[in-house]
Amino acid sequence: MGTVRLTTAQALVRFLANQYSERDGQEQRLIPGVWGIFGHGNVAGVGQALLQAAVTEEADLPYYLARNEQGMVHASVAYAKMRDRLATFACTASTGPGSTNMITGAALATTNRIPVLLLPSDMFATRAADPVLQQLEDTRGGDVTVNDAFRAVSKYFDRVSRPEQLIPAALAAMRVLTDPVETGAVTLALPQDVQAEAHDWPVDFFRRRVWRVGRPVPEPAAVQRAARLLRGARKPLIVAGGGAVYSGAETELRAFAEATGIPVADTHAGKGAVPWDHPCAVGGIGSTGSYAANELAKEADVVLGIGTRYSDFTTASHTVFGNPDVMFVNLNVARLDAVKHSAEPLVADARLGIQALAGALTDWEVDPSCRERTRRLVARTREIEEECFHRGHGPLPAQTEILGALNQVLDDRAVVINAAGSLPGDLQQLWRARDPKAYHVEYAYSCMGYEVAAGVGAKMADPSREVVVLVGDGSYLMMAQEIVTMVSEGLKVVIVLVQNHGFASIGALSESLGSQRFGTKYRYRDGGSGLLDGDVLPVDLAANASSLGADVLHATSVDDFRAAMEKAKAASRTTVVHVETDLYGPNPPGHGWWDVPVSEVSALDTTRAAYDTYAAHKQTQRHYL
């Protein structure tokens, strides 16, 4: 076997450029590029290797410059989400803060079960220059660095302390990235001296590798057990999660629902798997779920979960499934999720699992009265939505009215991105998605600052789609700088910047918990009090967006907003549509509950009253055993 002499970083770049994923006969680049910000920890290692690859064309691995290390991880996650987890980016950062800035992004990726490859630079493996700039000296051991913090949020972590360790580490990284059960953040910590160290690498390390992403087949006996439970159901309900989308099971799910008549509720990750106007579609479920979905969940006797991990927002903190005898059938590629709620597990790929269940239930469907009840509940849900869209609220419009206008002006393939604040709750009830990629809400980690960076990744993943970043002022202020990246890369993204001068979601939650919206408004400090309840701060976010290179349009009413959106759609470059809304809502009516503990004792009347309400809700909470 021949060898080639390269540095560790050069070898890694050449290796990554030859990795592919394959599913259903379709191959694509697993790592199509590298995001990075260079510092002393990686400029002469991975940075040099990427430069050399570009100049000599010895490896096809484009480099993309980000403005924040957390942001480049978010962009990579959004790209991978759009590509059904079959492709993602690598992210390189310098030692110390450059690398630890990626930890939040790593946690987001792993929580959402989305692949991303992180390459944090590490301290000298030889320790020849200890302590170097930005090095943490740990008295517990000389081999501890800040990068050990990645262990808790990574699905795979390795530190490449010698060049030859890269071979097993890199192969293990690819294995985890392409495993739909184990995927998440994969971290290879690279000491800065090892990055630049030369080694004689076996040429076979750089051959083209195709990582097959299989579809686990359901066990026939498990299919029969699941079918038996569904046949005995009088009021079944399907909960479609992200697994239904990532497996490409939309067609099978729609056909199954049509044949059986089982209504389909969805999680944030599963929205769009069944079009919003399909006769069996009942909308989002859980804490911020729709009227129809939550009413059906209250009485469901068998719940078929497809590709869902049953977060507390999906179960309304274990209160939404109200039937005391409710049973669960969970179809999931991960056994961890398949057995939740003492379910009958069906461990399999979502598409194949649905096909198997359909085959086992060819002669069965729900009673006609169930279809009629679904129709009536959906009709009432549509009335609620229209009330939210056309409130005529003033002097500032309600956020729900802006969403109504946005629903009207965007086509079915447009991608709406959001992650945090009051918008996810409003979107789960009100957004009308027909396309499974049209609804891009990160709600496993619900990370403020995700949205703008995610717009970069989503647009790179599918340039043919209109990408609309929907972001509140709170999340915008957390991380808006990737607007510069959009501009520099020539990406056309529409950013809808909803400004209400505060944290609307937490403000409303605070009020409901008796905490009087404390610390949730953007205000001057009033006198010597501890309260931030003076005049509104003179913050001009539109001017900020303009300074970052975006074109900016202003809207002061719903009609203005609709007109501005038409201009933004017709634009050829990144455009921000700035609109102010009422901090106090009104929001969509609530149909679910979320368990956020209230102080059990308090000197405040508002808190004591909130605790009484909380205690009443706790009585309905249960484990599904």
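These remarks concern the structure in this document.

Criteria and thresholds
- Residues numbered from 1 in each chain as written.
- Predicted model: local features only at pLDDT ≥ 70, side-chain atom pairs only at ≥ 80, totals over all residues.
- Heavy atoms only, no water.
- Core = buried A, V, L, I, M, F, W, Y, C linked by side-chain atoms within 4.5 Å.
- Buried < 20%, exposed > 50% of the residue type's maximum accessible area, 1.4 Å probe, protein only.
- Helix = DSSP H or I, 4+ residues; strand = E, 2+ residues; numbered from the N terminus.
- Phe/Tyr/Trp six-rings, centres within 6.5 Å; stacked < 30°, edge-to-face > 60°.
- Lys NZ or Arg CZ within 6 Å of the ring centre and 35° of its normal.
- Contact = heavy atoms within 4.5 Å.
- Pairing = 2+ DSSP bridges.
- Axes fitted to C-alpha atoms, helices over the stretch in contact; angles between N-to-C directions.

Time to look at the nonpolar core. Nonpolar side chains tend toward joint burial in soluble globular proteins. In this structure, Trp 35, Leu 118 and Tyr 450 are the most contacted members of the largest nonpolar core, which totals 57 residues. Within the second largest apolar cluster, 38 residues are counted, among which are Ala 9, Val 176, Leu 177 and Trp 211.

Here we take up unusual backbone geometry. Here the bond from Asp 130 into Pro 131 is cis, since omega is -15°, no more than 30 degrees from zero. Examined against the element boundaries, Pro 131 turns out to sit in the loop between strand S7 (116–122) and strand S8 (156–159). Note the cis peptide between Gly 585 and Pro 586, where omega equals 0°. With respect to the secondary-structure elements, Pro 586 resides in the loop between strand S23 (575–580) and helix H23 (605–618). The residue Asp 84 is not glycine, and still its phi comes out positive at about 55°. Within the fold, Asp 84 resides in the loop between helix H3 (69–82) and strand S6 (90–93). Look at Asp 84 and you get buried, because its relative accessible area is 18%.

Per the stated rule, a full pass over the model turns up 15 aromatic pairs. Judged by centre distance (4.9 Å) and plane angle (20°), the rings of Phe 38 and Tyr 63 are stacked. Linking Phe 38 in the loop between strand S4 (34–36) and helix H2 (46–56) with Tyr 63 in strand S5 (residues 63–65), this pair joins segments that are 25 residues apart in sequence. Judged by relative accessible area, which is 29%, Tyr 63 ranks as partly exposed. Here the aromatic rings of Phe 503 and Tyr 522 are separated by 5.2 Å at their centres, their planes lie at 75°, and the arrangement is edge-to-face. A residue pair is termed long-range when its members are at least 10 positions apart, and Phe 503 in the loop between strand S21 (494–499) and helix H20 (504–512) and Tyr 522 in the loop between H20 and helix H21 (541–547) qualify at 19 residues. Classification of Phe 503 by relative accessible area gives partly exposed; the value is 26%. Above the plane of the ring of Phe 206 lies Arg 14, whose end atom (NZ or CZ) is 5.6 Å from the centre.

One can find Ala 610 in helix H23. Note: C-alpha distance between Ala 610 and Ser 515 (95 residues apart in sequence) is 8.9 Å. Discounting chain neighbours no more than four positions away, the residues touching Ala 610 are Ser 512, Leu 513, Gly 514 and Val 598.

With mixed pairing, the three strands of this open sheet are ordered in space as S3-S2-S11. Strands with a single pairing partner mark the edges of an open sheet, and in this sheet they are strand S3 (26–29) and strand S11 (209–212). Strand-to-strand twist across the sheet, computed as the mean angle between neighbouring axes with direction ignored, equals 30°. Sheet analysis places strand S2 (residues 19–23) next to S11, joined by four bridges and oriented parallel. Residue pairing in the sheet places Gln 19 in a bridge with Arg 209 of S11.

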